[in-house]
Amino acid sequence: MRKIAAQFFISLDGVVEAPDQWHFPYFNDEMGAAVDATLGTADTLLLGRRTYDSFAGAWPGREAAGGEDAPFAKLLGDARKIVVSNRPLESGWRNSERVGGDLVAPVTALKNEPGTGTVWISGSVSVVRQLLAAGLLDELNLLVHPIAVRKGLRLFEEGDAPAPLELLSCEAFATGVLNLFYSPVTSSGHGTYDDAKTHLPQH
């Protein structure tokens, strides 16, 4: 069974929108290696329409230009790209296909495909929220930047139920960025404050 994992550049106050406006001062070799180890290894990408259109508008041109990031652009181009959209794809970026409607059935089928490679999601907040709610997301990679953006779309919207996560690994970069890997927890196991008090040292 394949894993489904998502990666976000995220601020301290949870903003994931428009990272091009606040992310680049924190990009260094450590972050480049982190992205290479995730998106750069993917044979399959699952993308929301807005993220796909942004990628398709940039990466094919960078690949054709043959610059420093052309090898990474080629990796993205060669990967199978599954785009969540109700509208036809228009860019012509190779290896792209579209799925529409409810995501549970196609993503469940994707997870059950032969192979062990991780299917990576970059950005695509609405897709990740749906998969979290359906219990289909296996891993969440948050590159937490030491900045409070203070406006914009946040990864976790307001809701009735908490979304507990288990920390799998943590690495601090020289820039202050934290590279965090989480796994969603199906049962929170959270106690109450009164429960916690019973475990406090008694004097």
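I will try to describe carefully the structure that is included in this document. (Residues numbered from 1 in each chain as written. Predicted model: local features only at pLDDT ≥ 70, side-chain atom pairs only at ≥ 80, totals over all residues. Heavy atoms only, no water.)

## A few points about the pairing of strand S3 (residues 80-84)
And step 1. Across the five residues that make up S3, a large majority, four, are buried.
And step 2. The pairing of strand S2 (residues 44-48) with S3 spans five bridges and is parallel. Across the sheet, the residue bridging to threonine 44 is arginine 80, located in S3.
And step 3. For S3 and strand S4 (residues 96-99), the ladder comprises four bridges, and the chain directions are parallel. Its bridge partner being in S4, isoleucine 82 is matched across the sheet by glutamate 97. (Buried < 20%, exposed > 50% of the residue type's maximum accessible area, 1.4 Å probe, protein only. Helix = DSSP H or I, 4+ residues; strand = E, 2+ residues; numbered from the N terminus. Pairing = 2+ DSSP bridges.)

## Here we look at the nonpolar core
And step 1. Phe8, Leu46, Ile121, Leu131 and Leu155 are the most contacted members of the largest nonpolar core, which has 26 residues in total.
And step 2. For this core, the elements supplying multiple residues, two or more each, are strand S1 (4-11), S3, helix H5 (104-111), strand S5 (119-122), helix H6 (125-134), strand S6 (139-145) and strand S8 (178-184).
And step 3. Judged by nonpolar contacts, the second largest core, of 24 residues, contains Ala5, Met31, Leu39 and Tyr52. (Core = buried A, V, L, I, M, F, W, Y, C linked by side-chain atoms within 4.5 Å.)

## Notes on the side chain of serine 124
And step 1. Of note, serine 124 is situated in the loop between S5 and H6.
And step 2. Within the structure, the side chain of serine 124 is placed 2.8 Å from the backbone nitrogen of glycine 48, a separation counted as a polar contact. (Polar contact = N/O pair within 3.5 Å; in protein donor to acceptor, adjacent residues only side chain to side chain.)

## Focus: the pattern of salt bridges
And step 1. Taken as a whole, this structure holds 13 salt bridges when the rule is applied.
And step 2. Put simply, glutamate 113 and arginine 80 hold a salt bridge, and the shortest N to O gap is 3.2 Å. Here glutamate 113, found in the loop between H5 and S5, pairs with arginine 80, found in strand S3; they are 33 residues apart in sequence, far enough to count as distant.
And step 3. By relative accessible area, arginine 80 is classed as partly exposed at 27%.
And step 4. One salt-bridge network, held together by shared partners, links Arg2, Asp43, Arg80, Glu97 and Glu113. (Salt bridge = Lys/Arg side-chain N within 4 Å of Asp/Glu carboxyl O.)

## Describing the layout of surface pockets
And step 1. Size it by volume and the largest pocket reaches roughly 1400 Å³.
And step 2. Lining the largest pocket are 37 residues, and of these Phe9, Pro19, Ser54, Phe55 and Ser122 lie nearest its centre.
And step 3. Broken down by secondary-structure element, the contributors of at least two residues to the lining of the largest pocket are S1, helix H1 (29-36), helix H2 (49-56), helix H3 (59-65), helix H4 (70-78) and H6.
And step 4. Broken down by element, the residue count for the lining of the largest pocket peaks at five residues, all from H2.
And step 5. Within the lining of the largest pocket, the residues separate by chemical class into 18 nonpolar, 11 polar and eight charged.
And step 6. Roughly 470 Å³ of internal volume is contained in the second largest pocket.
And step 7. The set of elements that each furnish at least two residues to the lining of the second largest pocket consists of H6 and S8.
And step 8. Here the lining of the second largest pocket takes three residues from H6, the largest share from any one element. (1 Å grid on protein atoms, 1.4 Å probe; cavity = no way out; pocket = protein on both sides within 12 Å on 5 of 7 lines; lining within 4 Å. Points joined across faces, edges and corners; volume = space filled by probe spheres on them. Nonpolar A, V, L, I, M, F, W, Y, C, P; charged D, E, K, R; others polar.)

## What about the environment of tryptophan 120?
And step 1. Structurally, tryptophan 120 is set in strand S5.
And step 2. Under the relative-accessibility criterion, tryptophan 120 is labelled buried at 6%.
And step 3. For the pair tryptophan 120 and leucine 39, spaced 81 residues apart in the sequence, the C-alpha separation amounts to 6.3 Å.
And step 4. Each residue touching tryptophan 120, except ones within four places of it in the same chain, is listed here: Ala5, Ala6, Gln7, Thr38, Leu39, Thr41, Ala42, Thr44, Leu45, Leu46, Asn141 and Phe181. (Contact = heavy atoms within 4.5 Å.)

## So, the packing of aromatic side chains
And step 1. Counted under the stated rule, the structure contains two aromatic pairs.
And step 2. Both rings, one in tyrosine 52 and one in tryptophan 93, keep their centres 5.8 Å apart while their planes meet at 40°; by these two values the pair is tilted. Of the two residues, tyrosine 52 sits in helix H2 while tryptophan 93 sits in the loop between S3 and S4, which places them 41 residues apart along the sequence.
And step 3. Accessibility expressed as a relative area gives 6% for tryptophan 93, which makes it buried.
And step 4. Taking the centre distance of 5.3 Å and the plane angle of 65° together, the rings of tryptophan 59 and phenylalanine 72 count as edge-to-face. (Phe/Tyr/Trp six-rings, centres within 6.5 Å; stacked < 30°, edge-to-face > 60°.)

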